[in-house]
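Residue-level listing of the chains:
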Amino acid sequence: MSQVPEESAGDTGATDAGSAEVTAAGIARLAGVGRAAVSNWRRRHPDFPKPVGGTEASPSFSLAEVERWLRGQGKLAEVPLRERVWQQIAGHPAGAATALVHAGCALLLVRDRSAAWPALAALPDERLTGVLPVALEETLTERLGPERPVLTPTAAALSASVPLLRGVAELAAETGGVRPAFEFLLGRHLDANPRQYTLTPPGPASLMAALATGRTEPPAPDGTGAPLTVLDPASGTGGLLSAVEWPAAVCGQDADHDLAALTALRLALSTDADIRVRSGDSLRADAFPALAADAVICHPPFNERNWGHDELAYDPRWEYGFPARTESELAWVQHALARLRPGGTAVLLMPPAAASRRSGRRIRADLLRRGALRAVVALPAGAAPPYGIPLHLWVLRKPVAGERPPAELLLVDTASEHTGQGRDGQGRDGRDSRDRLDWPAVHAVVLDAWTAFDRDGTVVATPGESRAVPVIELLDDDVDLAPARHLPPPAAAEGVTQLALVRERLAATLHRTRELTPPPVTGPATAGGGAAVGETAVGGTAGRLTATAGTTTVGELARAGALTLHAGGTGTAPAGAPVAVLTDHDVLAAQPPTGTLPDGPPEEPVLLAVGDVVVPVLGGVAAVRVVGAPAEGAALGRNLQLLRPDPATLDPWFLAGFLRATANTRQASSYASTATRLDVRRLQLPRLPLAEQRRYGERFRALAEFEETLRQASRLGEQLVQGLYDGLADGTVAP
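This write-up is about the structure you can find in this document.

Calculation rules
- Residues numbered from 1 in each chain as written.
- Predicted model: local features only at pLDDT ≥ 70, side-chain atom pairs only at ≥ 80, totals over all residues.
- Heavy atoms only, no water.
- Salt bridge = Lys/Arg side-chain N within 4 Å of Asp/Glu carboxyl O.
- Buried < 20%, exposed > 50% of the residue type's maximum accessible area, 1.4 Å probe, protein only.
- Helix = DSSP H or I, 4+ residues; strand = E, 2+ residues; numbered from the N terminus.
- Contact = heavy atoms within 4.5 Å.
- Pairing = 2+ DSSP bridges.
- Axes fitted to C-alpha atoms, helices over the stretch in contact; angles between N-to-C directions.
- Expected span 1.5 Å × (residues − 1).
- Left-handed = near helix turned anticlockwise from the far one by under 90°.
- Phe/Tyr/Trp six-rings, centres within 6.5 Å; stacked < 30°, edge-to-face > 60°.
- Lys NZ or Arg CZ within 6 Å of the ring centre and 35° of its normal.
- Right-handed = clockwise from strand over helix to strand, strands pointing away.

**A closer look at the pattern of salt bridges**
Then step 1. As enumerated under the stated definition, the model contains 37 salt bridges in all.
Then step 2. Close ionic contact of Asp112 with Arg111 constitutes a salt bridge, the shortest N to O distance being 2.9 Å.
Then step 3. The class of Asp112 is partly exposed, set by a relative accessible area of 27%.
Then step 4. Of the charged contacts, one joins Asp366 and Arg370 as a salt bridge, the two residues approaching to 3.8 Å between their closest N and O atoms.
Then step 5. Using a relative accessible area of 18% as the deciding quantity, one classes Asp366 as buried.
Then step 6. Arg370 gets classed as partly exposed once you look at its relative accessible area, which sits at 31%.
Then step 7. Here the residues in one salt-bridge network are Arg660, Glu707, Glu708, Arg711 and Arg715, joined through shared partners.

**As for unusual backbone geometry**
Then step 1. Between Pro385 and Pro386 the backbone carries a cis peptide bond, its omega angle lying at -5°.
Then step 2. With respect to the secondary-structure elements, Pro386 resides in the loop between strand E9 (373–378) and strand E10 (392–397).
Then step 3. Unusually for a residue other than glycine, Val479 sits at a positive phi of about 50°.
Then step 4. Phi is positive for Ala590, close to 55°, though the residue is something other than glycine.
Then step 5. Mapped onto the secondary structure, Ala590 falls in the loop between helix H22 (584–589) and strand E18 (595–596).
Then step 6. For Ala590, a relative accessible area of 28% gives the class partly exposed.

**Quick word on the environment of Glu137**
Then step 1. Checked against the element boundaries, Glu137 lands in helix H7 (residues 125–144).
Then step 2. Residues Glu137 and Thr154, spaced 17 residues apart in sequence, show a C-alpha to C-alpha distance of 9.9 Å.
Then step 3. Beyond its immediate chain neighbours, meaning those up to four positions away, Glu137 contacts Arg148 and Thr152.

**Quick notes on the sheet that holds strand E22 (residues 640–645)**
Then step 1. Pairing is antiparallel across the open sheet formed by four strands, whose spatial order is E16-E22-E19-E20. Each having just a single partner strand, strand E16 (563–567) and strand E20 (625–626) make up the two edges of the open sheet.
Then step 2. Sheet strands touched by helix H23 (residues 652–659): E16, strand E19 (613–616), E20 and E22. Its angle to E19, the strand with the most contacts, is close to 15°.

**So, H7**
Then step 1. Under the 1.5 Å per step criterion, the end-to-end length of H7 is 27 Å for 20 residues, consistent within 8% with the ideal 28 Å.
Then step 2. Taken together, the buried positions of H7 are Leu128, Thr129, Val131, Leu132, Pro133, Ala135, Leu136, Thr139, Leu140, Arg143 and Leu144.
Then step 3. Those residues of H7 that are buried are in contact with helix H5 (96–112), helix H6 (117–121), helix H8 (155–158), helix H9 (162–175), helix H13 (257–268) and strand E6 (274–279).
Then step 4. Positive phi shows up at Gly145, right after H7, with a value of about 85°.

**Regarding the packing of H9 against helix H10 (residues 178–192)**
Then step 1. Across the interface, H9 lies against H10 with an axial gap of 7 Å and an inter-helix angle of 115°. The chirality of how H9 crosses H10 is right-handed. Contacts from Val168, Leu171, Ala172 and Thr175 in H9 reach Val178, Pro180, Ala181, Phe184 and Leu185 in H10.

**Side note on the packing of aromatic side chains**
Then step 1. With the rule as written, the count across this model stands at eleven aromatic pairs.
Then step 2. Pairwise contacts between aromatic rings join Trp41, Phe48, Phe61 and Trp69 into one cluster.
Then step 3. A cation over a ring is seen here: Arg82 above Phe184, with NZ or CZ 5.3 Å from the ring centre.
Then step 4. Looking at Arg695, its charged tip hangs above the ring of Tyr696, at a distance of 6.0 Å from the centre.

**Things to note about the sheet that holds strand E12 (residues 466–470)**
Then step 1. The strand order E6-E5-E4-E7-E8-E10-E9-E11-E12 describes an open sheet built from nine strands, whose pairing is mixed. The sheet is open, and its two edges are formed by E6 and E12, each paired on a single side. Taking the axes of each pair of neighbouring strands and ignoring which way they run, one obtains an average angle of 15° across the sheet.
Then step 2. In the sheet, strand E7 (residues 293–298) pairs with strand E8 (residues 340–350) via five bridges, with the strands oriented parallel. What sits directly across from Ala293, in E8, is Leu340.
Then step 3. Of the strands in this sheet, E9, E10 and strand E11 (408–413) are in contact with helix H15 (residues 361–369), which crosses E10 at around 50°.

**Quick look at helix H16 (residues 439–456)**
Then step 1. For H16, with 18 residues, the first-to-last C-alpha span of 25 Å sits near the 26 Å given by 1.5 Å per residue.
Then step 2. Listed in full, the buried residues belonging to H16 are Trp439, Val442, His443, Val445, Val446, Ala449, Trp450, Ala452 and Phe453.
Then step 3. Buried residues along H16 sit in contact with helix H11 (202–213), E9, E10, E11 and E12.

**A closer look at the pairing of E7**
Then step 1. Of all six residues in E7, six are buried; the element is thus mostly enclosed.
Then step 2. Bridge count for strand E4 (residues 229–232) against E7 is two bridges, and the pairing is parallel. Along E7, the bridge assignment pairs Leu231 with Val296.
Then step 3. Handedness of the E7-helix H14 (residues 328–338)-E8 crossover: right-handed.

Next comes the structure, spelled out in C-alpha cells:
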C-alpha cells in the first residue's frame, strides 16, 4: 500500500454526527419508545427540533439536534454507536446503498490493512479523503479483481462519508470484527426497505447450501475433500453464497449493480475464498460463460415475463427444451445446469407452480428422462418470500457421460409438519408462519432423506414426508412433480390407534373443562368497603369500585417504582445456546415461545422472568399473558410490552386481569388508517391493598386456566374430526 504521510491529527470528527438526519422512526428507536411518543413530543414541546428535510408526511431531523434535545429532556444518556453509524448511513446525501458501499470499503481496508488503518484514522478529514482512494484501489483490486462491481470512491464522493468511515471502524472494534459490523448495517438497511429486495432467509439458505455442497466439515489438510467453486447467478444480497461453508471460490452475478457491489463486499468481509462477483443479467449477459462450478445455488426471480425469451431462442443452454415465455424459472434451471461440471449439483428455490404448469411439462419430462432432476422438496409456507405459499427446492445434477440415469425421483414434503401444525393439535391461523418454522426439524428431514437417496438411489418411504417415486410413474400427460400429489397422507400411517389416543385426550380435557367452569354469577361481588365489582369501570366510567378505591395508571405505577416497563424487539442471537423469542402471535395463541433472535452485533435482549406481564401493543386485541416457568428466560419479541411488577406492591395476576378488560384496552388504544395501537401507560386499574389484589388475582388465574383448557379441547376436537374424515376417506377407519 502507498506510504501514509505523517501528519498530526486534527479534528477527526470521530464523534461528530455531521449532517446526518434521522426520521421519527429513528428517534423512537434511539429513545426506546414508540413512534406515537415522538409525535406527542413534537406537539407538546415547542423546543423540539424542527424538520430539516424529508417530506411533510415523513420529515427528517438533524441527528445532532435530536440528541441534544433528548439529553436535555432526560430521555437519552448516550446514543449507542451502532445507532449513530446507522443514522449516518440512512441520512447519507448519496443514498443508503452508496453509504453502505463506502462503509464496506472502509471495513475491508481495516480487515486487510489493519496495521495501516490507525495512521489513516489519525489524519484530518480533508487529508484522509485525499489518500483513501489510493489505499482503497489497491485493497479492492487485490481482493475483488479489476472487473469488480465495487468502484473505487473518489475523494469528492468520500468527503460526505468521513464521519461514517471513522464510525464503522469503531463499530468493528466494538462488535468484535468487520463481518458482524457490516452484517448489522446491511441487515438494518434490508429491514428498512422490505419491498425493495427479495431475500433468502437463513433457514432455507443454509439448507440449500448443504444440499448443493454435501459438506459438513472443512477440507482436510491432506487434501481430502476437494475445494469447491460455487456460483449464484442471481446473487441478490449474497445471502445464499454467505451460507456456503468452506468454499474455495465463490462466483455471483446480479442485474442490480448496487446489490452486486454489496454482495462482493459482504463476501470479502466474511470469507477468505476467491471472490468473483459481477453485475449484469445472467440470462442475457452471462459473466461466467466458461465456468464449470461444483455447485450452483439460486433463488431466481419468479414469474418474470421479460427474461429474454425473444433474443435467446437459439441459446445453447436450452439443452432440455426452449422455455415458454411464462416459464422463466425453467430458463434459470437450465442456466444452472449449463454452468455445472459433470456430476455437479444445483439447488434452486422454485415456485410450486413450476412443478405442475402444463407449459413446462416437456422440459420437466426431459429433465427426468436424462437424470438431471434428482429431488423436489416442498418447504413450509413462510420459508421465503412470497411467504404465503409453500415454495419448492429443486435438486439437480448435471449428467455424467456414460452413466445410467437414475430410475427414481426423491419427493419430500415438509409443508405442514414443521409450522406449528402437526399431530399435537397445534393449528395454523395464518399469522407470521415464518416465525414458527422449526428449521432444525426441516433440515433433519430433508438432509436425511437426500443423503440416503443420493447414496443408495432410493429411500424408505415415510408416509406424508418422503418417497422415492419411479420416474416412469411421473411421465404422464401432466408430469406433475408436486410432492403432495405423490405422497400418502400421514393419517393413513397413524390409523385408528392414533385417533383413539386423540379421543381419550379430548375426553379427559372436556372433563377438566367441566371442573374449571366458573361458578354461576349470582350478582355483583363486594370488595374493600362494599364496592361492587360488577360495576367496575376501569375504562374511565365511574363505578363503585373505582369510586371507593380510586384508580391509577400503568404510567403512574412505573413512575412510582411499583413496576418497570420494557419494550420488546431488541437483542441478537448469543454465541452460545440459542434463546427463544416470545412473539406477539405466541401471546395471542397462548403457546410457548417460537421465535428466534436475529444474528448481528452483540446486543442484550429483554429476558422474561416468572411473574412478568406481557401485553401486545398492535391489533386492538385484549390479550395479556403472565409469564410462567415454561417461558422463563425467553426474549421479548417485537410489538410486545413487558410489565415487571414489584411483588411487594402488585400481584401479577391482578395486574393482568384488569389490563385485559375490554373497556380498559379501548380507552388506551389509538387508531391509525391501518392498525390499532395500545398505549400501555394509559391502562388503568383500581388502587387496592395487596391482599385484595391477590383475591382478584386468584380469580383471574382460574379464568386463564379455564380458557387454556377450552383452547386445548378445541384443538383436539378439530384434530379428531379431521382424522376421522381422512380415515373414512382412505379406508383406514370403518364406517
